[in-house]
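# Examining the three-dimensional arrangement
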Amino acid sequence: MQAKLTFQKTVLTAIAGFFTLLALFPLAWVIIAGFKEKTEVLATPFRFFPKQWLITNYIDILKDTMFQKAMLTTFGGAVVFAVLSLLVNSIAAYVFARLEFRFKTLLWLYVILTMFIPGMAILLTSFIVVNKLGMLDTFAVLVLPGVASAGGMFFIRQFYLNIPLALEEAALIDGAGKIRIFSSVFLPMSFPVFVIVGIGSYLGYWNSFVWPTMTITNPNLYQIMQYLASFRSERTSEMGMLMAGSALSALPTILLFLIFQKYIISGIKISGLK
């Protein structure tokens, strides 16, 4: 019996390892391609490792002031977007989880229905709205339109529904109002779910390409994905630098995962709460 369990564990580990390597292959290729000469990246026949390892691509892209500005602008925008998203969605989630008011069920149904509308379906109307508001080519157009998220509200609300009512009742007995209860009881307990929703918001902002391309034409406000696309179209021969820039653009996301991986795993359990 023990031998059978050991064999099954070995097989499952091997399968998991295979799919892990399969998933990491594109990232590994991009990182290694950054060390190749510009003519070697897309050369045939395909070579995974470079003939000669060169670090000049990484040095040159790091010296590019537009790349530096795009990375800093995108990182700052992603942080602001994540913080505002957590603030707005957590308040809305608390309202729908704990407060009673007229048409609550109808309003919650309306919020949930927006989750089933593809973003591309409302892209044009969203552009018209921000254009009428004079938000084009501003930092606000990158942050404000996507702050309120039905998915974020739903996820945080599920977490708040699982918080014992006794804690809220004890705070009410002590004379705390709804705002005080939210800030003193719910927010301190929300760190695990905030990590999940915050990282999701951060990644959504960091990886966005279509929306910044539609709304931003000022190079000083270029987002990193927008910059890389512009780099590819304008400097088609510099594929080594493009691969190096792509690898460096993935670095903040990788570091974010490594730092918060414990809370990301715990978020899988949170998602199963009632």
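Residues numbered from 1 in each chain as written. Predicted model: local features only at pLDDT ≥ 70, side-chain atom pairs only at ≥ 80, totals over all residues. Heavy atoms only, no water.

Going by the annotation in an unreviewed UniProt entry, the name recorded for the protein is Carbohydrate ABC transporter permease, with Paenibacillus albus given as the source organism. Quoted verbatim from the Sequence similarities (unreviewed entry) field of the UniProt record, the comment on the protein reads "Belongs to the binding-protein-dependent transport system permease family." Its UniProt record gives the protein a comment under Subcellular location (unreviewed entry), which states: "Cell membrane". (UniProt positions renumbered as here; feature names shortened; annotations may be inferred.)

Next up on the list: the nonpolar core. Ranked by size, the top nonpolar core spans 40 residues in total, and within it Ile61, Phe67, Val141, Ile224, Tyr227 and Met243 carry the most contacts. Listing elements by their share of this core, those giving two or more residues are α1 (2–33), α2 (56–63), α3 (65–98), α5 (123–132), α6 (139–143), α10 (191–206), α12 (224–234) and α13 (239–270). Looking at which element gives the most residues to this core, the answer is α13, with eight residues. Here Phe67 is in contact with Ile61, Leu62, Ile224, Tyr227, Gly245 and Leu248, once residues within four sequence places are set aside. Membership of the second largest hydrophobic core comes to 18 residues, among which are Phe159, Tyr160, Ile181 and Phe186. (Core = buried A, V, L, I, M, F, W, Y, C linked by side-chain atoms within 4.5 Å. Buried < 20%, exposed > 50% of the residue type's maximum accessible area, 1.4 Å probe, protein only. Helix = DSSP H or I, 4+ residues; strand = E, 2+ residues; numbered from the N terminus. Contact = heavy atoms within 4.5 Å.)

To characterise two packed helices, one gives the angle between the axes of the helices and the distance between these axes. Close contact between α3 and helix α4 (residues 104–113) brings their axes to 10 Å; oriented N to C, the two are set at 140 degrees. Between α3 and α4, the angle falls in the class oblique. In the crossing of α3 with α4, the sense of the turn from one axis to the other is left-handed. The segment α3 lies against α4, with Val95, Phe96 and Ala97 engaging Lys104, Leu107, Trp108 and Val111. Here the contact of α3 with α4 is composed, by residue class, of six nonpolar, no polar and one charged. (Axes fitted to C-alpha atoms, helices over the stretch in contact; angles between N-to-C directions. Parallel < 35°, antiparallel > 145°, perpendicular 65-115°, else oblique. Left-handed = near helix turned anticlockwise from the far one by under 90°. Nonpolar A, V, L, I, M, F, W, Y, C, P; charged D, E, K, R; others polar.)

In total, this model carries 15 aromatic pairs according to the counting rule given. For the ring pair Tyr94 and Phe182, a centre distance of 5.2 Å and an interplane angle of 45 degrees mean the geometry is tilted. Of this pair, Tyr94 sits in helix α3 while Phe182 sits in helix α9 (residues 178–186), and the two are 88 residues apart along the sequence. On the accessibility criterion, Tyr94 (4% relative accessible area) is buried. What makes Phe182 buried here is its relative accessible area of 10%. With centroids separated by 5.1 Å and ring planes inclined at 85 degrees, the aromatic side chains of Tyr160 and Phe186 adopt a geometry described as edge-to-face. Within this pair, whereas Tyr160 is found in helix α7 (residues 150–161), its partner Phe186 is found in helix α9, the two being separated by 26 residues in sequence. One aromatic cluster in this structure is built from Tyr94, Phe159, Tyr160, Phe182 and Phe186. (Phe/Tyr/Trp six-rings, centres within 6.5 Å; stacked < 30°, edge-to-face > 60°.)

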